[in-house]
Amino acid sequence: MTAPSTARRRHDREILALAVPAFGALVAEPLFLMADSAIVGHLGTPQLAGVGVASAALTTATGVFVFLAYATTAAVARRIGAGDRRAAVQQGLDGIWLALALSTGVVALTLLLAPWAADVLGASATAAPYAVTYLRISALGIPAMLMVMAATGVLRGLQDTRTPLVVAVAGFAANLGLNVGLVYGAGLGVAGSAWGTVLAQTGMAAAYLVVVVRGARRERASLRPDPAGIRACAKAGGPLMVRTLSLRAILMIATAVAAGLGDDEIAAHQIAMTVFLFIAFALDAVAIAGQAIIGRYLGAEDVPGARAATRRMIEWGVGAGLVLGLLVVLARPLYVPLFTPDPTVRAQLDTVLLLLALCQPVAGLVFVLDGVLMGAGDGPFLAWAMVGTLAVFAPVALAVPASGTGLAGLWWAMNLFMLVRGGFLALRARGGRWLVTGAVRA
């Protein structure tokens, strides 16, 4: 057996050991939305449209803080690579305290601005009341959602993606049961769907806290908030917040354009976006492995190992994107009826899902390189790259209504967004400025 073959097998084992459990944990969020969409979709098109708008607003309100997971994963993994497990756990605890500090303001703003958000995102008069109801109830689960992000980052950095898988599976099962019981059994409709998700997320947060606190006690790490550590986490997450805000702006623009096209279009767009997010989180499983592995290699000052792992993860990402794109097309008769019985909405989906599938190999490359650069702590570049992508996407998407291309035109713009983003990341990965070694990125 040659040395390159041995190295590839070693990287494959590392990637699979982290990515396979991470896949199950990552798809929990889109599975929550898919379950909500499937259950609410049978209440009617206005209800589904309202949940679609509310979901876009909610994921924006919480998604901008995804750095709580990503930055924590990279920082903790570097400490692990450098051989300092206690400092790694302490770094993770600082991230959890930051999540709690941020959640209070996010909840208040979401409750206050729910009607404004529904209006800005283009909800129709029939869909808006459902959007506001879903959003205001779901806001109560935001503290749990942010804590889950931070705690997940801690465990990923510790090279543990199995525990998040167990918590995610339990959370999805609880969410599904609660949604069915509250929406139909209790007759609460859209409100029941929101309450079911809030309760499931709260249970997940409690489970993560138990695991992290036990780990901290084993390593004799302090459970008290450390202001300096919390500030350091916030500083490291700043560029990633800019990156995420730009990404969320792209997704919100897409939702607003679809909503302006009509209720049938926004309903179809919501279903397509649910599939898009499911695939994105599936591809992100390899990216999560990248964050943990690259952070560990750079913490151990092993640049050749980081380079080799990156090459192998790119192969995995592109291959996974190709397979998932084919599944999106071939499995349409199985999953589309689960979301809506409306023939007009289904007709819109026929073209949109083909366009979505077309770009999945590129998406595989994008997610892998995004994870690699996050694992390296290359946040400033990721921020500028996403701002540049937004600058290209926004005028193209906003021109769709005037162009008369409808929802298909919007999804061509979505594919352009992925191609531009992939170009930025590929150029960066070819260079070496992101390969900064040491327990802490200077």
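Preceding block: the structure.
Described below are features of the structure shown in this document. (Residues numbered from 1 in each chain as written. Predicted model: local features only at pLDDT ≥ 70, side-chain atom pairs only at ≥ 80, totals over all residues. Heavy atoms only, no water.)

### Some points on the overall build of the protein
- A tally of regular secondary structure across the protein gives 18 helices and zero strands.
- For the protein, the C-alpha radius of gyration of 21 Å lies close to 22 Å, the compact-globule estimate for 442 residues.
- When the 442 residues of the protein are sorted by exposure, 56% land in the buried category.
- In the protein, of all internal contacts separated by at least 6 residues, the share reaching a separation of at least 24 is 85%.
- When the accessible surface of the protein is split by element, carbon and sulfur atoms take 68% of a total near 17,100 Å². (Helix = DSSP H or I, 4+ residues; strand = E, 2+ residues; numbered from the N terminus. Rg over C-alpha atoms; globule rule 2.2 N^0.38 Å. Buried < 20%, exposed > 50% of the residue type's maximum accessible area, 1.4 Å probe, protein only. Contact = heavy atoms within 4.5 Å. Areas by Shrake-Rupley, 256 points an atom, 1.4 Å probe, with all protein chains shown as cover.)

### Here's the deal with empty space enclosed by the protein
- As enumerated under the stated definition, the model contains four cavities of 30 Å³ or more in all.
- Here the second largest cavity defines a volume of roughly 170 Å³.
- Ala56, Thr59, Thr255, Met273 and Leu277 are, among the 16 residues lining the second largest cavity, the residues nearest its centre.
- Those elements that place two or more of their residues in the lining of the second largest cavity are α3 (45-63), α10 (227-261) and α11 (263-299).
- Per element, the largest residue contribution to the lining of the second largest cavity is six residues, and it comes from α11.
- For the lining of the second largest cavity, the class distribution of residues is seven nonpolar, eight polar and one charged. (1 Å grid on protein atoms, 1.4 Å probe; cavity = no way out; pocket = protein on both sides within 12 Å on 5 of 7 lines; lining within 4 Å. Points joined across faces, edges and corners; volume = space filled by probe spheres on them. Nonpolar A, V, L, I, M, F, W, Y, C, P; charged D, E, K, R; others polar.)

### Structural notes on the pattern of salt bridges
- Tallied over the entire structure, the rule returns seven salt bridges.
- Here Asp370 and Arg243 are joined by a salt bridge, their closest N and O atoms 2.4 Å apart. Residue Asp370 is found in helix α15 (residues 360-375), and its partner Arg243 is found in helix α10; the two are separated by 127 residues along the sequence.
- One salt bridge connects Glu315 with Arg312, and the closest N-O pair in it is separated by 2.3 Å. Here Glu315 and its partner Arg312 are both found in helix α12 (residues 303-330), three residues apart, which amounts to about one turn of the helix.
- Classification of Glu315 by relative accessible area gives partly exposed; the value is 41%.
- Residue Arg312 is classed as buried on the basis of its relative accessible area, which comes to 15%.
- Through salt bridges with shared partners, one network takes in Asp12, Arg312 and Glu315. (Salt bridge = Lys/Arg side-chain N within 4 Å of Asp/Glu carboxyl O.)

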